[in-house]
Amino acid sequence: MWRLPALCMAAGAWGKREPQWSDGGPAGFRSVTPGFAGAGFAGAGYGGRASPAGICRLSGIEEMLTDLCRVPKEVKSMDAQKKVNILLVDDNPDKLLGIENILSSLGQNLVKAQSGREALRALLTYEFAVVLMDVRMPGMDGFETAALMRQREKSVYLPIIFITSADRSETHLARGYSLGAVDYIYAPIVPDILRAKVEVFVELKLQRERMRLLEQREHERQLSAVTEKLEEEVKRNRFFSLSLDLLCIAGIDGFFRQLNPSWERTLGFSDQELKARPFLEFVHPEDREATLREMEKLQAGELVIDFENRYLTKDGSWRWLVWNCAPHTEAQLIYAVAHDITGRKRADAALAEKKVLLEVVNQEMGAFNYSVAHDLRAPLRSIHGFSQALVEDFADQLPPKAQDYLNRVCAAAGRMGDLIDALLHLGQFGRAELIRRPVDLSNLARAVGGELAANHPALQVEFHVEDGLAAQADAKLMRVVLENLLGNAWKFTARKPDARVEFGVLHKAPGRAYFVRDNGAGFDMAYASRLFTPFQRLHPESEFSGTGIGLATVQRVVARHGGRVWVEAAVGQGATVYFTLDAGTNEGPK
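Residues numbered from 1 in each chain as written. Predicted model: local features only at pLDDT ≥ 70, side-chain atom pairs only at ≥ 80, totals over all residues. Heavy atoms only, no water.

S.K.: Help me understand the overall build of the protein chain in this model?
M.R.: The secondary structure content of the protein chain amounts to 18 helices and 19 strands. A buried classification covers 41% of the 590 residues belonging to the protein chain. Pairs at least 24 apart in sequence give 60% of the contacts found in the protein chain among residues at least 6 apart. Accessible surface for the protein chain amounts to roughly 32600 Å². Of this, 54% is attributable to carbon and sulfur atoms. (Helix = DSSP H or I, 4+ residues; strand = E, 2+ residues; numbered from the N terminus. Buried < 20%, exposed > 50% of the residue type's maximum accessible area, 1.4 Å probe, protein only. Contact = heavy atoms within 4.5 Å. Areas by Shrake-Rupley, 256 points an atom, 1.4 Å probe, with all protein chains shown as cover.)

S.K.: Please explain the nonpolar core as it appears in this structure.
M.R.: What tends to happen in soluble globular proteins is that the nonpolar side chains get buried as a cluster. Counting residues in each nonpolar core, the largest one holds 39 residues, and the members touching the most others are Leu441, Met478, Leu485, Leu486, Phe503, Tyr514 and Phe579. Elements that contribute at least two residues to this core include exactly helix H16 (441-455), strand S15 (470-473), helix H17 (475-492), strand S16 (500-508), strand S17 (511-518), helix H18 (550-560), strand S18 (565-569) and strand S19 (575-579). Sort the elements by how many residues they give to this core and H17 lands first, with 9 residues. When neighbours within four sequence positions are excluded, Leu485 is seen to be in contact with Val516, Leu551, Val554, Val577 and Phe579. (Core = buried A, V, L, I, M, F, W, Y, C linked by side-chain atoms within 4.5 Å.)

S.K.: Explain helix H7 (residues 116-125) here, please?
M.R.: The periodicity of an α-helix, 3.6 residues per turn, causes residues three or four positions apart to be oriented the same way. For H7, the set of buried residues is Gly116, Ala119, Leu120, Ala122 and Leu123. Taken down its axis, H7 places every buried residue within 155° of arc, on the same side. Along H7, exposed side chains directed more than 90 degrees from the buried face belong to Arg117, Arg121, Leu124 and Thr125. Against strand S3 (85-89), strand S4 (109-113), strand S5 (128-134) and helix H8 (142-151) lie the buried residues of H7. (Arc of directions from axis to C-beta.)

S.K.: Help me understand the state of the cysteines, please; the structure alone is not making it clear to me.
M.R.: Chemically, a disulfide is nothing more than a covalent bond linking the sulfur atoms of two cysteines. Taken as a whole and assessed by the stated rule, the structure comprises 0 disulfides. Cysteine Cys248 shares no disulfide, and the gap to the nearest cysteine sulfur, in Cys325, comes to 6.9 Å. Here Cys248 falls in the buried class, since its relative accessible area comes to 5%. (Disulfide = S-S within 2.5 Å.)

S.K.: When you look at the pairing of S19 in this model, what are you seeing that I'm missing?
M.R.: The side chains of a regular strand alternate between the sheet's two faces. Here S19 lies mainly inside the structure; 5 of its 5 residues are buried. Going residue by residue along S19, you find Ala575, Val577 and Phe579 tucked away on one face and Thr576 and Tyr578 tucked away on the opposite face as well. As consecutive antiparallel partners, S18 and S19 are separated by 5 residues, and within that stretch Gly572 has a phi angle of approximately 75°, a positive value. (Pairing = 2+ DSSP bridges.)

S.K.: Where do I start with the pattern of salt bridges in this structure?
M.R.: Between side chains of opposite charge, a pair can form when the charged atoms approach closely. Throughout the structure, instances matching the rule amount to 26 salt bridges. Salt-bridge contacts for Arg221 lead to Glu218; the nearest nitrogen and oxygen are separated by 2.6 Å. Pair noted here: Arg221 and Glu218 are both in helix H10 (residues 191-242), with a separation of 3 residues, about one helical turn. Between Glu308 and Arg344 there is a salt bridge, with the nearest N and O atoms lying 3.0 Å from each other. In this pair, Glu308 is assigned in strand S10 (residues 304-312) and Arg344 in helix H14 (residues 342-393), connecting sequence segments 36 residues apart. We classify Glu308 as partly exposed; its relative accessible area is 28%. When its relative accessible area of 43% is taken as the criterion, Arg344 is described as partly exposed. (Salt bridge = Lys/Arg side-chain N within 4 Å of Asp/Glu carboxyl O.)

S.K.: Hey, could you run me through helix H6 (residues 93-103) in this one?
M.R.: Leu96, Ile99, Ile102 and Leu103 are the residues of H6 that are buried. All buried residues of H6 fall inside an arc of 125° around its axis, so they share one side. You can read the cap of H6 off the contacts: a side-chain oxygen lies 2.9 Å from the backbone nitrogen of Asp94, and it is on Asn92. (Polar contact = N/O pair within 3.5 Å; in protein donor to acceptor, adjacent residues only side chain to side chain.)

S.K.: Help me understand the confidence of the model for the protein chain, please; the structure alone is not making it clear to me.
M.R.: In low-pLDDT regions, the fine details of the predicted coordinates are not to be read closely. Residues at a pLDDT of 70 or more form 72% of the protein chain, whose mean pLDDT is 76. Contacts of residues 1-62 to residues separated by more than four positions or lying in other chains number 112 contacts, the stretch itself having pLDDT below 50. (pLDDT = per-residue confidence, 0-100.)

S.K.: Quick question: what am I supposed to make of empty space enclosed by the protein here?
M.R.: Over the atoms, a rolled probe matching the size of one water molecule traces out where space is still vacant. All told, the structure shown has 2 cavities of 30 Å³ or more when counted by the stated rule. Reported here for the largest cavity is a volume of approximately 180 Å³. Taken together, 16 residues line the largest cavity, and the ones lying closest to its centre are Phe279, Met295, Leu298, Trp323 and Cys325. Going through the elements one at a time, strand S8 (246-251), helix H13 (288-299), S10, strand S11 (318-328) and strand S12 (333-340) are the ones with two or more residues in the lining of the largest cavity. The residue makeup of the lining of the largest cavity, split by class, is 13 nonpolar, 2 polar and 1 charged. (1 Å grid on protein atoms, 1.4 Å probe; cavity = no way out; pocket = protein on both sides within 12 Å on 5 of 7 lines; lining within 4 Å. Points joined across faces, edges and corners; volume = space filled by probe spheres on them. Nonpolar A, V, L, I, M, F, W, Y, C, P; charged D, E, K, R; others polar.)

S.K.: Is there a simple way to explain the sheet that holds strand S6 (residues 160-164) in this structure?
M.R.: Sheet strands line up and pair through hydrogen bonds in the backbone, either parallel or antiparallel. Strands sit in the order S4-S3-S5-S6-S7 across an open sheet of 5 strands; the sheet is parallel. Single-partner strands in this sheet number two, and they are S4 and strand S7 (181-186). Geometrically, the sheet is characterised by an average inter-axis angle of 20° between neighbouring strands, direction not taken into account. Relative to S6, S5 runs parallel, the two sharing 4 bridges. For Leu132, the partnering residue across the bridge sits in S6 and is Ile161. (Axes fitted to C-alpha atoms, helices over the stretch in contact; angles between N-to-C directions.)

S.K.: Would you mind showing me how to read the packing of H17 against H18 here?
M.R.: Geometrically, a packed helix pair is captured by the angle between its two axes and the distance between the axes. Direction vectors running N to C along H17 and H18 enclose 145°, while the axes themselves pass 9 Å from each other. Handedness of the crossing formed by H17 with H18: left-handed. Residue-level inspection shows Leu477, Val480, Val481, Asn484, Leu485 and Asn488 of H17 in contact with H18, the latter providing Gly550, Leu551, Thr553, Val554 and Val557. Per-class residue counts for the contact of H17 with H18 are 7 nonpolar, 4 polar and no charged. (Left-handed = near helix turned anticlockwise from the far one by under 90°.)

S.K.: Explain the packing of aromatic side chains here, please?
M.R.: Centre distance and the angle of the planes are the two values used to describe a pair of aromatic rings. For the structure shown, the criterion picks out 14 aromatic pairs. Ring geometry for Phe162 versus Tyr184: centroids 5.6 Å apart, planes at 40°, classification tilted. With Phe162 in strand S6 and Tyr184 in strand S7, this residue pair connects regions lying 22 residues apart in the sequence. Here Phe162 matches Tyr184 in class, with each residue buried. Summarising the aromatic geometry, the rings of Trp263 and Trp323 are spaced 5.8 Å apart at their centres and angled 40° between planes, so their arrangement reads as tilted. One end of the pair, Trp263, is in helix H11 (residues 262-267); the other, Trp323, is in strand S11, with 60 residues separating them in the sequence. Trp263 gets classed as buried once you look at its relative accessible area, which sits at 1%. Grouped by ring-pair contacts, the aromatic residues Phe256, Trp263, Phe279, Tyr311 and Trp323 constitute a single cluster. (Phe/Tyr/Trp six-rings, centres within 6.5 Å; stacked < 30°, edge-to-face > 60°.)

Laid out in structure tokens, this is it:
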């Protein structure tokens, strides 16, 4: 009887471990049926012809093959593409061809060698699942070849099945098994038995490849997971380190756990200095009570949103911080981000101070306007009134030169009164409440033009208004704008026989620029910067009357609407005044 049943030896050798024996057989195999023993797997000879059904009744092999067939989906495609190598060694070409025909149905790569030397050379090129080798070969027999194979580390556990028709003695068998043989096949060869035995080692080789592939993929998966985790950690740390905001992790116990570099940049204290003391010690004394209330909210699991307090800096000053915090109650931690709003606080304080100053200025302006309206007008009225009385009551007693002087005094007093009224109106437009609503500018322009035509019947002006012009604006203030612009146009075209005045709009994105155009006296654009300064005039009083306050009033009203005003003109060719009513328009010179 055989002492080393073939497949059990193969399983131990393939796993690169010594076979473990129990009751004369290798561990892991339960029992051998009589049919399989008769097939040559557990005896020295066949004991008769065996059927394939007898082979399949070997329970241990059957279970092993079943387990090998349980292959994950991701490696099944590998079996369909990868083939294993089987080495056939025999000095007889006919026997090699016969074995090749028997094993061709397995669909594997069959490598043939006709001597031991050729077999050893093949081992240098290929990796084999099993070797089928004739014992008796000229020059170097199968035993000698097997001994040399075992000397190579790569093939030390390579399964070898000896094929022989000669000596079946136990001495002969023992020598083969000592050299690593896993089985013997005796002639005449039964094809089904040969295929079954070889197929076991093919499956073992494939299973090893599967395991290697699965281990490789699992290693790659773990490596990918670790790499991804490291990348996330690097990104998180980079964000934590580079953030301009003050990021921190603090404990419910009141100490900082982790701080980003922005803390040291903002407060001047080092990381160690901030962690060494309770963070409440860095809070302004006036803000500590409010800070403790927010800490109580965090301890209760609530969020803290937009909480402001002051933190001490190393130079002794204080920085305003606004906080957004979230608690991690299980870990007793607080995750927080703070933003330095010291600049905003200073700007707010400066704005509040300017607001107070503006209120003071407005009060002083109101007092000045009251003084102008009452204290200045009273003596001016007296001067004008008494001068006019002298001219009217004593004209026949005064020489012509004295009458001329008195007329000049009356005219100057009247002009001074007009300037006072204009100045008061200018102040009113800067303080008046702005009420925006839809305004039909076309109809408003026609109404103002009609009044001008009625008040100056001697002037023949061709007046054109574009239809459908409307805007969101203050109706009263827009009337003031059109009265001044159209009034100037009427005035400066008075000496033109073909006087023309036009009100329209430039239709260009992204906004609208309205205009009042005339073909009157015009002016030199070199002096355009003086146009919107109160009381500045480009024409002598003797040519065109006026206070010089009209365009300054227009600019103030337009500015209150968020727009701007500019002029294009040429001497003797008229002028065009453009204005917008919102900051979005880009019309006009830059």
